[in-house]
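Structure at a glance
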Amino acid sequence: ISVWDTARRARLLTFANGNPAGSRVSALLLLSDSAFVNAETLAAGSSEGCVRIWRSYAAADGPHLLSAWQASAAPAEVSLRDSPLSLAWQPARATLTAAGGGSGDLCLWDVRHEALVCRLSAPAVSAGQVTSLAADAASPLLAAGYSDGCVRSFDPRAPPAAAVVAQLVVGRGAVSAVSIQPAA
């Protein structure tokens, strides 16, 4: 992972995320929340399904690994590079949602306690894996883009069988990005 000062166009430092051979970092999120004492905190998700939380990632003395856990099912060895982990952050709840590893499941994690809050699944008829995630800052709603061209909206407050509250087919290929915009 490289940290850059974009104003000066200079790389400040580079550090290893600790991925196993054959995997790669597929998601980076800056975490902002008082749960981390307002320190510079970075979440790095990698294709083996692991999330690593780095504190002071831009400090001169280097980053400090604050926490790491298996956030999503590890993919089969043959698809390790091709199974990116997607992340979405909800700071008001200190909830990190992770999805990937060839699965269609969304795993919601309480970052303060490194505890799985819930696992949400798309309908069994879905053939896709999660390719992108977005979280609403003002509510618990999540949006997930899938490799089968669908975007599904989830409400984790609903019973698991009813957690998908909306579904939209946007194309035949994988959905590369989703976003939730605040209401005007």
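To start, this report covers the structure provided alongside it. No experiment lies behind these values; they were computed from the predicted model shown.

Let us now look at the overall build of the protein. Regarding its fold elements, the protein presents zero helices and 14 strands. Counting from the amino terminus, helix and strand elements in the protein follow one another as β-β-β-β-β-β-β-β-β-β-β-β-β-β. Buried residues in the protein amount to 45% of all 184 residues. Expressed as a percentage of contacts within the protein between residues at least 6 apart in sequence, the contacts between residues at least 24 apart total 45%. Split by element, the accessible area of the protein, about 9300 Å² in all, is 55% carbon and sulfur.

Turning our attention to the layout of surface pockets. By volume, the largest pocket is sized at about 250 Å³. Around the largest pocket sit 17 residues that line it, and Leu29, Leu87, Ala88, Leu133 and Ala134 are the ones nearest its centre. For the lining of the largest pocket, the secondary-structure elements that each account for two or more residues are β3 (25-31), β7 (86-90) and β11 (130-135). A per-element tally of the lining of the largest pocket places β11 first, with five residues. Taken together, the residues of the lining of the largest pocket sort by class into 13 nonpolar, four polar and no charged.

Another aspect to go through is the packing of aromatic side chains. Following the criterion strictly, the structure yields two aromatic pairs and no others. Taking the centre distance of 5.7 Å and the plane angle of 50 degrees together, the rings of Trp69 and Trp109 count as tilted. With a gap of 40 residues between them, Trp69 in strand β6 (residues 64-70) and Trp109 in strand β9 (residues 106-110) connect regions that are remote in the sequence. Comparing Trp69 with Trp109 shows no difference in burial state: the two are buried.

Parameters and conventions
Residues numbered from 1 in each chain as written. Predicted model: local features only at pLDDT ≥ 70, side-chain atom pairs only at ≥ 80, totals over all residues. Heavy atoms only, no water. Helix = DSSP H or I, 4+ residues; strand = E, 2+ residues; numbered from the N terminus. Buried < 20%, exposed > 50% of the residue type's maximum accessible area, 1.4 Å probe, protein only. Contact = heavy atoms within 4.5 Å. Areas by Shrake-Rupley, 256 points an atom, 1.4 Å probe, with all protein chains shown as cover. 1 Å grid on protein atoms, 1.4 Å probe; cavity = no way out; pocket = protein on both sides within 12 Å on 5 of 7 lines; lining within 4 Å. Points joined across faces, edges and corners; volume = space filled by probe spheres on them. Nonpolar A, V, L, I, M, F, W, Y, C, P; charged D, E, K, R; others polar. Phe/Tyr/Trp six-rings, centres within 6.5 Å; stacked < 30°, edge-to-face > 60°.

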